[in-house]
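# Chains, contacts and geometry: an overview
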Amino acid sequence: MMNWTSNFSLTDMIGRDGASVNRSTSSSPLSYGKYVELMLWIGLTASISFLGLLLNLAGLTVTFWKRTAESIFNLLMSHYVAISLVNCLVNFPVHVFMVLAKWYGHSIPPDACRTIQFFFAFGCAVSNWADVCLSVNRFVAIVFPLHYRWWTQRSVNLAMVAFGWLLCAAAILPLSFGLGGSMPLLRTGQCGFLPVGKWGMLVTSITAYIPYGIIAGTSLTIWMKIITVQRARNQVQAVDGSHAIKPMGISRRRLVVARMLLMTTVWSALCNIPWGVIQFSFPGLYVTDPISVLWLRTVQVLQFGAFPVILYATNEDYRKRFFVLLARSGAKKRVLIRSLNSTVGAPLEMASNLAGKSARLVDGD
């Protein structure tokens, strides 16, 4: 999502034809420093993707816990974690492999970005709208609790999720066919996402501005409501503590969830700030320093890969389930090791006994 207000044209970034794009890296040797930077980027980004895959697999198990699987909030959270998992499993590794292939001189068809970048942009946009579903769910639960039962209906929440998916697909798909922008193959081997004009602004708004605006607005309203209710209950508690114990407990649980959503929003915003600064203020870096710009992908993969850590750090229930999961994994590992030892050890012991008997027979002869 770029605002092309600089003197750098699309031709500067992708070359004058597909062939020049595919020759650019091999024909322009990098300095030793840039070569080291490129290798570090490949190794670090691939490692974060793999670690994020493992964390999100655990996060999917933790949020979709058997005893709480029917909770609508946990289903929405599982949906968000599943999107992060797919981004770490597919979208980011594909871009790393493309840059690696480009470095080793392999030709990449420029048209491949129409599909690859569509799914990448779609995954990021759907993640934003999945966050909107979570925020709206908590907004209704805290600000309009009398209407929350209606919002807990599975059909309502599935409709919300489907709306986000369809809206993102309708906004991004035209760019794959060159309508309102393009998805070119850049000189470094990664794909670009370049909406332009009025349609480009609409795409940017649908995929980023609108969802972030909804998330920020609901988060702010939730916190104002919690603070107001908390102050009122603190005053009532001095009058009749027996009636204030249960409401205070509910308020604390809601506060935990609200804090978790707020931290998720802040983390997503922090990971997208570098992208926005480069895209809108310094787009020329794509031409003058394309290797360093690759680190934007690393920051983006951190958004999805480190997201489960926020869940465990801010939600005690998720943290306890995560430790239970680790304990179960450790127990299964110990059982497997004992099983392997018994399976392998028995034949070895038998062979050893046979060897001892053979030696005694030889000695007897």
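See the structure printed just above.
This report concerns the structure included in the present document. Note that the coordinates shown come from a computational prediction; the quantities given were computed from them, not determined experimentally. (Residues numbered from 1 in each chain as written. Predicted model: local features only at pLDDT ≥ 70, side-chain atom pairs only at ≥ 80, totals over all residues. Heavy atoms only, no water.)

What follows covers empty space enclosed by the protein. Under the definition given, this model contains two cavities of 30 Å³ or more. A volume near 40 Å³ is recorded for the second largest cavity. Forming the boundary of the second largest cavity are Ser135, Thr218, Ser219, Ile222, Trp223, Ala258, Leu261 and Leu262. Take the lining of the second largest cavity: its biggest share by element is four residues, from helix 8 (residues 197-237). In terms of residue class, the lining of the second largest cavity is built from five nonpolar, three polar and no charged. (1 Å grid on protein atoms, 1.4 Å probe; cavity = no way out; pocket = protein on both sides within 12 Å on 5 of 7 lines; lining within 4 Å. Points joined across faces, edges and corners; volume = space filled by probe spheres on them. Helix = DSSP H or I, 4+ residues; strand = E, 2+ residues; numbered from the N terminus. Nonpolar A, V, L, I, M, F, W, Y, C, P; charged D, E, K, R; others polar.)

Turning our attention to the pattern of salt bridges. Scanning all chains against the criterion turns up three salt bridges. The shortest N-O distance in the salt bridge between lysine 34 and glutamate 37 comes to 3.0 Å. Linking lysine 34 with glutamate 37, this pair stays in helix 3 (residues 32-63), spanning three residues, or about one helical turn. Aspartate 289 is the partner of lysine 34 in a salt bridge, and the nearest nitrogen-oxygen pair spans 2.8 Å. A residue pair is termed long-range when its members are at least 10 positions apart, and lysine 34 in helix 3 and aspartate 289 in the loop between helix 10 (285-288) and helix 11 (290-293) qualify at 255 residues. Classification of lysine 34 by relative accessible area gives partly exposed; the value is 24%. Overall, the relative accessible area of 21% leaves aspartate 289 in the partly exposed class. Among the charged side chains, a salt-bridge network with shared partners connects Lys34, Glu37 and Asp289. (Salt bridge = Lys/Arg side-chain N within 4 Å of Asp/Glu carboxyl O. Buried < 20%, exposed > 50% of the residue type's maximum accessible area, 1.4 Å probe, protein only.)

Moving on, we get to the state of the cysteines. One pass over the structure, following the stated rule, counts one disulfide. Disulfide pairing places cysteine 113 opposite cysteine 191 at an S-S distance of 2.1 Å. Every disulfide takes its handedness from the sign of the S-S torsion; for cysteine 113 and cysteine 191 that torsion is -80 degrees, giving left-handed. With cysteine 113 in helix 5 (residues 112-143) and cysteine 191 in the loop between strand 1 (181-182) and strand 2 (194-195), this pair connects stretches of sequence that are 78 residues apart. (Disulfide = S-S within 2.5 Å.)

Right, let's get into the environment of isoleucine 214. Looking at the element boundaries, isoleucine 214 is found in helix 8. When the C-alpha atoms of isoleucine 214 and valine 136 are compared, they prove to be 8.4 Å apart, with 78 residues separating the residues in sequence. If near-sequence neighbours (up to four positions away) are discounted, isoleucine 214 is found in contact with Trp129, Val132 and Val136. (Contact = heavy atoms within 4.5 Å.)

Inspection of the entire model under this criterion finds eleven aromatic pairs. Look at phenylalanine 122 and tryptophan 165: their rings are 5.5 Å apart centre to centre, the planes differ by 75 degrees, and that puts the pair in the edge-to-face class. Residue phenylalanine 122 is located in helix 5, and its partner tryptophan 165 is located in helix 7 (residues 154-176); the two are separated by 43 residues in the primary sequence. When its relative accessible area of 13% is taken as the criterion, phenylalanine 122 is described as buried. (Phe/Tyr/Trp six-rings, centres within 6.5 Å; stacked < 30°, edge-to-face > 60°.)

The nonpolar side chains of soluble globular proteins are, as a tendency, buried together. Within the largest apolar cluster, 43 residues are counted, with the highest numbers of intra-cluster contacts made by Met77, Ile172, Leu311 and Tyr318. Those elements that provide at least two residues to this core are helix 3, helix 4 (72-103), helix 5, helix 7, helix 8, helix 9 (241-281), helix 13 (307-314) and helix 14 (316-364). No other element matches the 13 residues that helix 5 contributes to this core. Counting nine residues, the second-largest nonpolar core is a separate cluster that includes Leu53, Leu85, Phe92 and Phe304. (Core = buried A, V, L, I, M, F, W, Y, C linked by side-chain atoms within 4.5 Å.)

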